[in-house]
Amino acid sequence: MSVPNSFTFAFVLTARSAALWRTQRLSLSRGPSLWAAGKRSSLQLVQLTEAELKEQFVRGDGPGGQATNKTSNCVVLKHVPSGIVVKCHQTRSVEKNRKIAREILQEKVDLFYKGEESDVYKEKKASEKKKQEKKRRAKENLERKKHFKEMLQLDRK
Amino acid sequence: MRCLSSSLFRRFWGLLPQYVSVGPSQSPNLSPKQSSLRQSCSARPGLVTAPDVVSFWQKVFEKNGIPEARESSEYIVSFVLGAKTFQSLGSEKLCTPLTAVQQEQIQQLSCKRLERMPVQYVLGEWDFQDLNLKMRPPVFIPRPETEDLISLVVEEESWKCKAKNSAFLVAVPSPVILEIGCGSGAIALSLLCKIPQSRVLAVDKEEAAVDLTRENVHRLQLQDRIHILHHNVSYGSAKHLLPWGPVDFIVSNPPYVFHEDMASLDAEILRYEDLDALDGGDDGMRVIKIILTLAPSLLKDSGGVKRAAVVGWPRQSHPGPVNFTREFLWEELFWRRWSLQRCWAQRKM
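Residues numbered from 1 in each chain as written. Chains lettered and ligands numbered in written order. Predicted model: local features only at pLDDT ≥ 70, side-chain atom pairs only at ≥ 80, totals over all residues. Heavy atoms only, no water.

Colleague: What exactly am I supposed to notice about the overall build of chain B here?
Modeller: When helices and strands are counted, chain B shows 12 helices and 9 strands. For chain B, the proportion of its 349 residues judged to be buried stands at 56%. Summing over all exposed atoms, chain B offers an accessible surface of approximately 15000 Å²; the carbon and sulfur share of this is 53%. (Helix = DSSP H or I, 4+ residues; strand = E, 2+ residues; numbered from the N terminus. Buried < 20%, exposed > 50% of the residue type's maximum accessible area, 1.4 Å probe, protein only. Areas by Shrake-Rupley, 256 points an atom, 1.4 Å probe, with all protein chains shown as cover.)

Dropping the structure here:
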């Protein structure tokens, strides 16, 4: 009979593609690659997993969807093991705020656990040093110019 | 304006010292109560900073029963100061006193909010994923959850490509996507940006939506990849939707609210948004059923392999499509609140 055959066909396809779908879903929602892909991917930071995080704004909680029009998309994200909390409302998009919150939290957690060994700390120190160096050089140049001007005036006299 | 005659509003009005033009007269001297409204920045007396103004309007909104009082106030003040959110304002701007013109603008926008106008309509714009879109009543405001729908389509498209490649067939280099009910163009334009080779046919039954989508398309300079059609899918046949032939995907965030629930929606929605964009009829499935019934004749038959429709609705309350289109095999897959319908080859009867 053709009917059972088509049903079997549907069942097999559903099972196989559903499994593939689930795998894909896993990669989207749980991979630490979400954060590594950010702008700070050059730094070696502590990897966070979703299981360690607790988010205050969670999509899908309570009645939602079309029936409401909420503009409150501030994300409050907590790293449970360390207790560090990050609040992010940089953009009007929840998804972007969630992503940015995770990036900021990752840096904070890294600093917390690694202290001075953290790449975040090192980078900050390096940029501070660079700034100071630049200031020092600018000051030096100013002194040199002043001295040169004085010398010129002396020559004229 | 109606809002200025509210006595409560007038009482608060006197608390803000530097109002120049509109409104009832205000005292030039600061009372202790007025001073106490100052925030951390040490502004000179007579000048107000952004945090001051946010607090002021937040209190006004709260007293008038406006929901999301703080958020609304922050968005309005940030907008006038040129930022998207209050948190993204630099510390300099937070301490700089606001000019009279800026305060005037904030007041005008806040008066609209006092009429329960949604913030997105008050500001005339809103962000959706990475795009900034114009917003105008009564065109439906894109909901944040719909950002997920984009990810779902992108995933499905890349999986379709892989599936084809694995069968030694040529991958779809430039998918044609049909969006039913484009509204402001949020979904259509996001997909055009996320899938660079795609083309979109955006359809809406409301002329206001078609106009707004067109405006947003031109703002983003995407007019050569999208065609916008003013058409009601409930009437007419599928052929109206085939100017480019069969499509690779159908996307929709159709109305799905149960008709009996419509009256309990917020005033913001009932007063300003197009209710047809929300009302899904008695079972919430009126438009969904139409889309899925049309789908098989709209989707490409790619070598007998699956074709897809990504339609968004809350999966708990609405059943899948199996009952509607008996001649085709449908597979329903869920992701968060979304339902992806894949239509397989024709059923062998």
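Colleague: Would you explain the overall build of chain A in this entry?
Modeller: Summing up its helical and strand segments, chain A has 4 helices and 3 strands in all. Across chain A, helices and strands are ordered from the amino to the carboxyl terminus as α-α-β-β-β-α-α. The 157 residues of chain A split such that 31% are buried. Only carbon and sulfur atoms are counted for the fraction: they give 58% of the accessible area of chain A, which is about 10900 Å².

Colleague: Just to check I follow, could you spell out the sheet that holds strand β1 (residues 53-55) of chain A for this structure?
Modeller: Whether parallel or antiparallel, the strands of a sheet pair through hydrogen bonds between backbone atoms. Residue and element names in this part refer to chain A. With antiparallel pairing, 3 strands are arranged side by side in an open sheet as β1-β2-β3. Of all the strands in the sheet, just β1 and β3 (84-88) have a single pairing partner and so form its edges. Averaged over all pairs of adjacent strands, the angle between strand axes in this sheet comes to 20 degrees, irrespective of strand direction. For β1 and strand β2 (residues 75-79), the ladder comprises 3 bridges, and the chain directions are antiparallel. Considered in β2, the bridge of Leu 53 is made with His 79. (Pairing = 2+ DSSP bridges. Axes fitted to C-alpha atoms, helices over the stretch in contact; angles between N-to-C directions.)

Colleague: Is there a simple way to think about the domain arrangement of chain A in this case?
Modeller: Where interface size is given, it is often the accessible area lost as the parts come together that is meant. Residue and element names in this part refer to chain A. Domain boundaries in chain A define domain 1 (47-115) and domain 2 (118-152). On a C-alpha basis, the centres of domain 1 and domain 2 stand 39 Å from each other. Listed per partner, the contact involves 5 residues of domain 1 and 4 residues of domain 2. Approximately 360 Å² of surface area, both sides summed, lies buried where domain 1 meets domain 2, with 65% of it carried by carbon and sulfur atoms. If you sort the residues of domain 1 by the area they bury against domain 2, Asp 110, Leu 111 and Gly 115 come out on top, with a joint share of 71%. In terms of residue class, the side of domain 1 that touches domain 2 is built from 1 nonpolar, 1 polar and 3 charged. (Domains from an automatic or database assignment. Contact = heavy atoms within 4.5 Å. Buried area = accessible area lost by both parts, 1.4 Å probe. Nonpolar A, V, L, I, M, F, W, Y, C, P; charged D, E, K, R; others polar.)

Colleague: Would you take a moment to explain empty space enclosed by the protein for this structure?
Modeller: Once rolled over the atoms, a probe with the size of a water molecule shows which space is left empty. Counting across every chain of the model gives 3 cavities of 30 Å³ or more. Estimates place the volume of the largest cavity at around 100 Å³. Contributions of two or more residues to the lining of the largest cavity are made by α7 (119-123) and α11 (267-272) of chain B. Residue classes in the lining of the largest cavity are distributed as 4 nonpolar, 3 polar and 5 charged. Looking at the second largest cavity, it is lined by 13 residues, and the ones nearest its centre are Arg 92 of chain A together with Trp 126, Asp 127, Pro 142 and Pro 144 of chain B. Broken down by element, the residue count for the lining of the second largest cavity peaks at 3 residues, all from strand β1 (residues 125-128) of chain B. A class-by-class count of the residues in the lining of the second largest cavity yields 5 nonpolar, 3 polar and 5 charged. (1 Å grid on protein atoms, 1.4 Å probe; cavity = no way out; pocket = protein on both sides within 12 Å on 5 of 7 lines; lining within 4 Å. Points joined across faces, edges and corners; volume = space filled by probe spheres on them.)

Colleague: What am I meant to see in helix α6 (residues 100-114) of chain B here?
Modeller: Owing to its 3.6 residues per turn, the α-helix brings residues three or four apart onto one side. All names here are of chain B. Here α6 contains 15 residues, and its C-alpha end-to-end distance of 21 Å stays within 8% of the 21 Å for a straight helix at 1.5 Å per residue. Within α6, the full set of buried residues consists of Gln 102, Gln 103, Glu 104, Ile 106, Gln 107, Leu 109, Ser 110, Cys 111, Arg 113 and Leu 114. Phi turns positive, to about 65 degrees, at Arg 116, one or two residues after α6. (Expected span 1.5 Å × (residues − 1).)

Colleague: I tried to follow the pairing of strand β5 (residues 226-230) of chain B on my own but got confused; where do I start?
Modeller: Consecutive side chains along a regular strand alternate between the two faces of the sheet. All names here are of chain B. In terms of strand pairing, strand β4 (residues 199-204) meets β5 through 5 bridges, oriented parallel. When the sheet's bridge partners are listed, Asp 204 is paired in β5 with His 230. For the handedness criterion, the β-α-β arrangement of β4, helix α10 (residues 207-219) and β5 is classed as right-handed. (Right-handed = clockwise from strand over helix to strand, strands pointing away.)

Colleague: Explain the layout of surface pockets here, please?
Modeller: Residue and element names in this part refer to chain B. As a volume, the second largest pocket reaches approximately 550 Å³. Taken together, 35 residues line the second largest pocket, and the ones lying closest to its centre are Gly 181, Cys 182, Asp 204, Pro 255 and Ala 277. At the level of secondary structure, the elements contributing two or more residues to the lining of the second largest pocket comprise β3 (176-180), α9 (186-194), β4, α10 and α12 (286-298). Among the residues forming the lining of the second largest pocket, the class breakdown is 18 nonpolar, 9 polar and 8 charged.

Colleague: Just checking my understanding: could you explain the state of the cysteines for this structure?
Modeller: Cysteine pairs can be linked by a disulfide, which is a covalent bond between their two sulfur atoms. The tally for this structure, following the rule as stated, stands at 0 disulfides over all chains. No disulfide involves Cys 88 of chain A; its sulfur sits 7.2 Å from the nearest other cysteine sulfur, which is in Cys 74 of chain A. (Disulfide = S-S within 2.5 Å.)

Colleague: Explanation requested: the pattern of salt bridges in the structure shown.
Modeller: Across all of its chains, the model carries 26 salt bridges over all chains by this definition. Two residues, Glu 268 of chain B and Arg 113 of chain B, come together in a salt bridge whose shortest N-O distance is 3.1 Å. Highlighted residues: Glu 268 of chain B in helix α11 and Arg 113 of chain B in helix α6, separated in sequence by 155 residues. For the salt bridge of Arg 342 of chain B with Glu 156 of chain B, the shortest nitrogen-to-oxygen distance reads 2.7 Å. One end of the pair, Arg 342 of chain B, is in strand β9 (residues 338-346); the other, Glu 156 of chain B, is in helix α8 (residues 146-166), and 186 residues separate them in sequence. Taking the relative accessible area as the measure of exposure, Glu 156 of chain B reaches 1% and is therefore buried. Several salt bridges share partner residues, and in doing so they unite Glu 50, Glu 55, Glu 95, Arg 98 and Arg 102 of chain A into one network. (Salt bridge = Lys/Arg side-chain N within 4 Å of Asp/Glu carboxyl O.)

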